[in-house]
Amino acid sequence: MRAEVNRCPVFTIEGSKVPANGSVADPESKSHTFDEVLDIIGFGRTTWHIFIASSVIMMAVLNETMGISIVIPAAQCDLQLSATDKGLLTGVSFAGIIVSSHFWGYIADTKGRRRTLIVSLLLTAICALVSGLSVNYTMMVVMRFLVGVFISAPSATIFAYLGEFFKTASRTLVITYASVAVGLSAIFTATTGWYVLSFVWSLEIPGTELVLKPWRVLFFVYTLPTLIGALWLMILPESPKFYLSRGRESEAFTVLLRLYMENHPHATVEDFPVRHITPEAGQKDRSATPKGSGGLWHVANSVWNQTVPLFQRPNLTNFTICCVVQFGLFVVSAGMGLWFPDIINRLTASNVLDATVCEALDVSMQVDFSDELMEDIQLVDGVECIDTINERVFIYAIALGGLYTVLYLAMSVLMRMLGRKCLVAFNLFFSGFSGLALQFVDHPYITMALFCSFLVFAGTSISILNGATVSFFPTNVRAMAVCLSLMMGRLGSVFGSNLVGLIMEDNCTLTFNLFATGSIICAVLTLMLPS
């Protein structure tokens, strides 16, 4: 009797389960695993659309969260931003991502990947466009916080959505290829920012306080991938794996049949050999789950049930390591990365030769102190506020984006030889080594190369780890796992950026030592994950 209860159910095309005794309507038909079904379907037009659309959405996420660092210097005079205001504006979208990650993980795992992505992307676009029309600092902060709340969903769910259309063995590789969009986003935001902000014009809107300027147009440009991604998803299917995890087998079969017919133009419905699909290990049978009333208690209980499996065996160890490593990756790549334009600007402005990065920063800080005194005198005299951006910032940002793009392509090749675990560990060891070596190198070009390596080798590991996270956990908690691990990552970015602001000026050496040591510790933790 116990053996009958524990036997895995087999999904059929009619959407009903096979009886517990294991008999099927057609005894000659074979039960396929989901990976076997994907092999039968092949790679075709819709799969390409899903891959490219997912890349565009990844690009949109970076545009909305990191593009603000280019807009802020150009908007500082119109919005009368102080240094504290600019710091808050830079990080407020991350705060929105952090507070909403758990909610979006639950929604994506229970209501669907595609629906969650479309709604959240459209809401993100609306808030981003409105933020471009902000007339004061308060309005800008509120709208950028809401952008963070809504962009939180695609920042994690897109990895689950894309990964579920590919076999387990190739899932991380495909996500890494798609993550080339991260580098392209850096190139896109810097290039378009450089071009749009090169114009000087203003247009007052009668009857309002609003004055249109190039930095406002830049918000609209950065939002284009968000709108394109949302519209593109409307013609794409839901993840069939999600349907199976929710007990909606007939809908899953409809999607799989659509993909098969598109990839095999001369085939008929009868040619599709799949009649039964065996669910993955750890997947619950939800067909008999009673529908809740939709009350607050039911929702809270559902969220709890969706979260608890991640803190139970066999998921607990892998989930904990993923969260800790994500925190460390974002501390370095995003926490220190947000300061990249400012640090590079300081290094180039210091005009100090044969000096380490910390020695050059010390000199630039002394110069900045003198400049601040002069600015205070100028403001008293009514001198016009300066909102131009040094072209070197755009050049270095484009170079960093190019390096990300090349490295993501290289990682896709190296992953086949080293495996994802060894590759992430190597990246983090090299990142940590670069951070430590920065303090002893006094050649400007080597310093720049090490600084970029410090950030980029940690940054490229984020998508690889996301791809691994998609593979580690069952479908019914997969989006929740990615959302919560990325929530820890965003906490790391906020922690890292604030830590740099607090201790960099007083103890530059300690700052780089802490960040580099964090990378090495995360490398060791990565080796504890499954291959």
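In what follows, the structure referred to is the one given above.
Anyway, here's the lowdown on the structure attached to this text. (Residues numbered from 1 in each chain as written. Predicted model: local features only at pLDDT ≥ 70, side-chain atom pairs only at ≥ 80, totals over all residues. Heavy atoms only, no water.)

1. Considering the packing of helix α3 (residues 45–66) against helix α12 (residues 249–263)
Moving on, step 1. At a minimum axis distance of 8 Å, the contact between α3 and α12 shows a crossing angle of 115°. One finds that α3 runs roughly perpendicular with respect to α12. Contacts between α3 and α12 involve R45, T46 and T47 from the former and R258, L259, E262 and N263 from the latter.
Moving on, step 2. Looking at the contact of α3 with α12, its residues break down into one nonpolar, three polar and three charged. (Axes fitted to C-alpha atoms, helices over the stretch in contact; angles between N-to-C directions. Helix = DSSP H or I, 4+ residues; strand = E, 2+ residues; numbered from the N terminus. Parallel < 35°, antiparallel > 145°, perpendicular 65-115°, else oblique. Contact = heavy atoms within 4.5 Å. Nonpolar A, V, L, I, M, F, W, Y, C, P; charged D, E, K, R; others polar.)

2. So, the packing of aromatic side chains
Moving on, step 1. Scanning the model with the defined rule gives 19 aromatic pairs in all.
Moving on, step 2. Relative to F495, the ring of F327 lies with its centre 5.8 Å away and its plane at 40°, an arrangement referred to as tilted. Of this pair, F327 sits in helix α14 (residues 316–336) while F495 sits in helix α20 (residues 475–503); the two residues are 168 residues apart in sequence, bridging distant segments of the chain.
Moving on, step 3. When the ring of Y404 is compared with that of Y408, the centres are 6.3 Å apart and the planes differ by 25°; the resulting orientation is stacked. One end of the pair is Y404 and the other is Y408, both in helix α17 (residues 391–418) and four residues apart, which spans about a single turn.
Moving on, step 4. You can call Y404 buried: its relative accessible area is 10%.
Moving on, step 5. According to the relative accessible area criterion, Y408 is buried, its value standing at 1%.
Moving on, step 6. Connected via pairs of aromatic rings, a cluster forms that spans F43, W48, F51 and F166. (Phe/Tyr/Trp six-rings, centres within 6.5 Å; stacked < 30°, edge-to-face > 60°. Buried < 20%, exposed > 50% of the residue type's maximum accessible area, 1.4 Å probe, protein only.)

3. So, the pattern of salt bridges
Moving on, step 1. For the structure shown, the criterion picks out eight salt bridges.
Moving on, step 2. Note that E262 and R45 form a salt bridge whose closest N and O atoms lie 3.6 Å from each other. Remark: R45 occurs in helix α3 and E262 occurs in helix α12; sequence separation between them is 217 residues.
Moving on, step 3. Look at E262 and you get partly exposed, because its relative accessible area is 25%.
Moving on, step 4. Taken together, the shared-partner salt bridges in this structure form one network comprising R45, R258 and E262. (Salt bridge = Lys/Arg side-chain N within 4 Å of Asp/Glu carboxyl O.)

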